[in-house]
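In case you want the letters, here they are:
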Amino acid sequence: MFTGIVEELGEIVRSTETADDSALLAIRGPLVTSDARHGDSVAVNGVCLTVVDVDGGVFTADVMGETLRRTALGALRPGDPVNLERAAALNSRLGGHLVQGHVDGVGEVLAREPAAQWETVRFRLPAGLSRYVVEKGSITVDGVSLTVAEVGDDWFSVGLIPTTLKLTVLGTKQVGDPVNLEVDVLAKYVERLLGGAR
């Protein structure tokens, strides 16, 4: 479980293809590796990955073919920056919202509108996800907990403050770039309890 508060901007060191359409990612992240051990969970651009090994500020994680197909991790190349967050501790403050690290779909940056102190960014929503997104509700974009400003049938927008623009990959994403999306899990539970189809 995560909070969507990015701890560190890491970097892809290498991506090695392994058997069965899977990969081994090596990611530089001095902060998140400072206390990481084999088996720990780290969110990489919002995707929960399990630490396989740690060596000098770099950790490795196995990524299954299913994860590569359902997220934007497969598009990452050496040198690419990534948002990193360690799993939340039960005795810490919940700064964002409850984030599982289970990506619901891949969206796309549609537009960026700079303003004096912030930037409004619009994203494409994959089919079927818009019913879980509401104005002033929470959504996770590449692992960042954000508040929805506006929502349409196949898009939503958020306002990004200077800190988010500077300390996460969202500051450098360009129009057309893919992003990992995780909707608020509470919305999915409510739908299930009320008997809605998914």
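Residues numbered from 1 in each chain as written. Predicted model: local features only at pLDDT ≥ 70, side-chain atom pairs only at ≥ 80, totals over all residues. Heavy atoms only, no water.

Enquirer: Would you mind showing me how to read the pattern of salt bridges here?
Expert: Two side chains carrying opposite charge are able to pair once their charged atoms lie near each other. Applying the stated criterion across every chain yields a total of eleven salt bridges. When the shortest N-O distance is used, the salt bridge between Arg28 and Glu11 registers 3.4 Å. One end of the pair, Arg28, is in strand 2 (residues 22-28); the other, Glu11, is in strand 1 (residues 8-18), with 17 residues separating them in the sequence. Arg28 gets classed as partly exposed once you look at its relative accessible area, which sits at 36%. With a shortest N-O distance of 2.5 Å, Arg112 and Glu119 are connected by a salt bridge. Each of Asp21, Glu66, Arg69 and Arg70 takes part in salt bridges that share partners, so that together they form one network. (Salt bridge = Lys/Arg side-chain N within 4 Å of Asp/Glu carboxyl O. Helix = DSSP H or I, 4+ residues; strand = E, 2+ residues; numbered from the N terminus. Buried < 20%, exposed > 50% of the residue type's maximum accessible area, 1.4 Å probe, protein only.)

Enquirer: How do you make sense of the nonpolar core when you look at a structure like this?
Expert: What tends to happen in soluble globular proteins is that the nonpolar side chains get buried as a cluster. By size, the foremost hydrophobic cluster in this structure holds 19 residues, and its most contacted members are Phe123, Val133, Ile139, Val141, Leu146 and Phe156. Secondary structure elements with two or more residues in this core: strand 8 (119-124), strand 9 (138-141), strand 10 (144-151), strand 11 (155-160) and strand 12 (178-183). Leaving out residues up to four positions away in the same chain, Leu146 has contacts with Gly137, Ser138, Ile139, Val141, Val158, Leu160 and Leu170. In this structure, Ile12, Ile27, Leu73 and Leu76 belong to the second largest nonpolar core, which totals 17 residues. (Core = buried A, V, L, I, M, F, W, Y, C linked by side-chain atoms within 4.5 Å. Contact = heavy atoms within 4.5 Å.)

Enquirer: I'm lost on unusual backbone geometry in this one. Help?
Expert: Most peptide bonds adopt trans geometry, and most residues besides glycine take a negative phi value. In the Ramachandran plot, Asn45 falls in the positive-phi region, its phi being about 50° despite a non-glycine side chain. For Asp142, which is not a glycine, the phi torsion comes out positive at approximately 50°. The residue Asp142 is located in the loop between strand 9 and strand 10 in this model.

Enquirer: What should I look at first to understand the environment of Val13 in this one?
Expert: Its location among the elements puts Val13 in strand 1. Look at Val13 and you get partly exposed, because its relative accessible area is 25%. C-alpha of Val13 to C-alpha of Asp80: the two residues are 67 residues apart in sequence and 8.3 Å apart in space.

Enquirer: Just to check I follow, could you spell out the sheet that holds strand 11 for this structure?
Expert: Strand pairing in a sheet is mediated by backbone hydrogen bonds. Such pairs are either parallel or antiparallel. On the basis of which strands lie adjacent, the closed barrel formed by six strands has the order 7-8-11-10-9-12 and antiparallel pairing. Strand-to-strand twist of the sheet, defined as the mean angle between neighbouring strand axes without regard to direction, takes the value 45°. One ladder, built from three bridges, connects strand 10 with strand 11; its direction is antiparallel. Note that in strand 11 the partner of Val151 across the bridge is Phe156. (Pairing = 2+ DSSP bridges. Axes fitted to C-alpha atoms, helices over the stretch in contact; angles between N-to-C directions.)

Enquirer: Help me understand empty space enclosed by the protein in this model?
Expert: Here the structure, examined in full by the defined rule, presents one cavity of 30 Å³ or more. Within this model, the largest cavity holds a volume of roughly 30 Å³. Together, Val6, Ala43, Gly46, Asn83, Leu84, Glu85 and Gly143 line the largest cavity. Of all the elements, strand 6 (residues 81-86) adds the most residues to the lining of the largest cavity, at three residues. Tallied by class, residues from the lining of the largest cavity come to three nonpolar, three polar and one charged. (1 Å grid on protein atoms, 1.4 Å probe; cavity = no way out; pocket = protein on both sides within 12 Å on 5 of 7 lines; lining within 4 Å. Points joined across faces, edges and corners; volume = space filled by probe spheres on them. Nonpolar A, V, L, I, M, F, W, Y, C, P; charged D, E, K, R; others polar.)

Enquirer: Would you explain the packing of aromatic side chains in this entry?
Expert: Both the distance between ring centres and the angle between the ring planes are used here to describe each pair of aromatic rings. Inspection of the entire model under this criterion finds one aromatic pair. A cation sits over an aromatic face here: Arg122 above Trp155, 3.7 Å from the ring centre. (Phe/Tyr/Trp six-rings, centres within 6.5 Å; stacked < 30°, edge-to-face > 60°. Lys NZ or Arg CZ within 6 Å of the ring centre and 35° of its normal.)

Enquirer: I tried to follow the pairing of strand 11 on my own but got confused; where do I start?
Expert: The two faces of a sheet get side chains in turn, since along a regular strand they alternate between them. For strand 11, the buried fraction is high: five of the six residues fall into the buried class. Examined bridge by bridge, strand 8 and strand 11 share six bridges and lie antiparallel to one another. Bridging from a neighbouring strand, Phe123 pairs with Phe156 of strand 11. With antiparallel pairing between neighbouring strands as the criterion, strand 10 and strand 11 make up a hairpin whose turn holds three residues.

Enquirer: What's the story with the layout of surface pockets in this structure? I'm lost.
Expert: The probe, sized like a water molecule, is rolled over the atoms to show the empty space still left. As a volume, the largest pocket reaches approximately 310 Å³. Lining the largest pocket are 14 residues, with Val144, Ser145, Leu146, Ile161 and Thr164 positioned closest to its centre. Broken down by element, the residue count for the lining of the largest pocket peaks at four residues, all from strand 10. By volume, the second largest pocket amounts to about 240 Å³. As for the second largest pocket, its lining consists of 13 residues, and the residues nearest its centre are Leu76, Asp80, Pro81, Lys173 and Asp177. Within the lining of the second largest pocket, the residues separate by chemical class into seven nonpolar, three polar and three charged.

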